[in-house]
Amino acid sequence: MVGNRRREQDSAMDRERCDVLPRLEPGETAQACKGYRWYHNITLNAYWFGSSFMWNSLHPIILPMLLLSLTSERTKNTGYGLLTFVGLLVALVVQPISGALSDVTRHRLGRRRPWILLGTLLDLGCLAGLVVAQSYWAVAISYVLLQLTSNLAHGAGQGLIPDLVPQGKRGVASGIKNLLDMLGVIFAGLVTGRLMGGVPPKPFLATGVIASILVVGVAITVVGSREVPTSGAAKDPRRARVGLEELRALLSVDFRGHRDYARLLLSRYCVYVGTYSVHSFALYYLQDALQVASPAIVAGQLMMAIGLSITLSTWPAGLLSERWGRKGLSLAACAITALGMGLL
């Protein structure tokens, strides 16, 4: 009885939210999904490989090394932590807003691609500003702006799979997206680690490689995505603008009515705090605590090992979760992770 009532309440909330937020019309959805082929799983997600390569090059390798020459030995960790904290706050705010704005965009390229293209073009300018910066504050401004511009594209890009992939094929498309994310981690560790670990480091070349891969990935996604043009669509008051009511409906979550979801978010927050602390500060740890000869190369090798282990464990983890249950497997994984961090 309680479970049925909860499901009815959830369905009512979902219907209310769908009435407020803009959606693709049935004809648009059918037209977008028509002619979908297997290779569209790659073209839709090529952007995410470039984005993953960029951020997994910047956060653990390039950004810490840039700050070595712009901050003191005593303040480098504080400066880096403050910088990334502010940047992630910007991402937290910008990404859902850009997604909502893309919902109501009217353009001949469709709803999502204009934002992906705009965000990436602005990314290139921010990357240039980052690599030529001569002070901590110049790095900070370029980095925060990069978070803003990159998440303009991210928020819109999240809608490509729901918009363009038929219902029964979205799991495969999402799996390809995650695979390309992990490949971005692996290649960032391999390429950027070696470029920044050389004597002398090559930040300009590394940034040029990042920009090239990002441009190629975006070009594949923009050209290969079969979005429906919306510039000539009939005007709909719900799709004409995004007001406070729509944004509030998008961002609101009833945590009292969804306590399990609240616990899930809290648990994921705790896991990510631990893993990202190791991921982000690995280079300084390798340099200061372990005193390795080339911390950038070793940090890159560590990223490659992490990316490969995640890629290879995803499929068996899915099978084991079906047999043992999600909660038991998650607890076992957290225990193994805690053991590994303790040994570290």
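Details of the structure are given in the entry above.
Summary of the structure given here. This one's a predicted model, so the numbers in the text were calculated from it and none came from an experiment.

1. Describing the packing of aromatic side chains
Two aromatic rings are characterised by how far apart their centres lie and by the angle between their planes.
Link 1 in the chain: Using the criterion set out here, one finds seven aromatic pairs in the structure.
Link 2 in the chain: Considering the side-chain rings of Tyr80 and Phe281, the 5.2 Å spacing of their centres and the 90 degrees angle between planes classify their relative orientation as edge-to-face. With Tyr80 in helix H4 (residues 76–103) and Phe281 in helix H12 (residues 259–288), the pair connects residues that are 201 residues apart, well separated along the chain.
Link 3 in the chain: Taking the centre distance of 5.3 Å and the plane angle of 80 degrees together, the rings of Tyr136 and Trp137 count as edge-to-face.
Link 4 in the chain: Its relative accessible area of 13% is what places Tyr136 among the buried residues.
Link 5 in the chain: Here Trp137 falls in the exposed class, since its relative accessible area comes to 62%.

2. Observations concerning unusual backbone geometry
With the exception of glycine, most residues fall at negative phi, and the peptide bonds are largely trans.
Link 1 in the chain: Note that the residue after Val199, namely Pro200, is joined by a cis bond; omega there is -5 degrees.
Link 2 in the chain: Phi at Gln291 takes a positive value of approximately 50 degrees, unusual for a residue other than glycine.
Link 3 in the chain: Following the sequence through the fold, Gln291 ends up in the loop between H12 and helix H13 (295–324).
Link 4 in the chain: Taking relative accessible area as the criterion, Gln291 reaches 62% and is therefore assigned exposed.

3. Regarding the pattern of salt bridges
Link 1 in the chain: For the coordinates displayed, the defined rule picks out eight salt bridges.
Link 2 in the chain: Here Lys76 and Glu73 are joined by a salt bridge, their closest N and O atoms 2.8 Å apart.
Link 3 in the chain: Given the relative accessible area of 1%, Lys76 is considered buried.
Link 4 in the chain: Looking at Glu73, the relative accessible area reads 54%, which means it is exposed.
Link 5 in the chain: Residue Arg263 pairs with Asp260 through a salt bridge whose shortest N-O separation is 2.2 Å. Note that Arg263 and Asp260 are positioned in helix H12 at a spacing of three residues, about one turn of the helix. Both residues of the pair, Arg263 and Asp260, count as exposed.
Link 6 in the chain: One connected set of salt bridges, linked through shared partners, spans Asp103, Arg111, Arg112 and Asp163.

Calculation notes
- Residues numbered from 1 in each chain as written.
- Predicted model: local features only at pLDDT ≥ 70, side-chain atom pairs only at ≥ 80, totals over all residues.
- Heavy atoms only, no water.
- Phe/Tyr/Trp six-rings, centres within 6.5 Å; stacked < 30°, edge-to-face > 60°.
- Helix = DSSP H or I, 4+ residues; strand = E, 2+ residues; numbered from the N terminus.
- Buried < 20%, exposed > 50% of the residue type's maximum accessible area, 1.4 Å probe, protein only.
- Salt bridge = Lys/Arg side-chain N within 4 Å of Asp/Glu carboxyl O.

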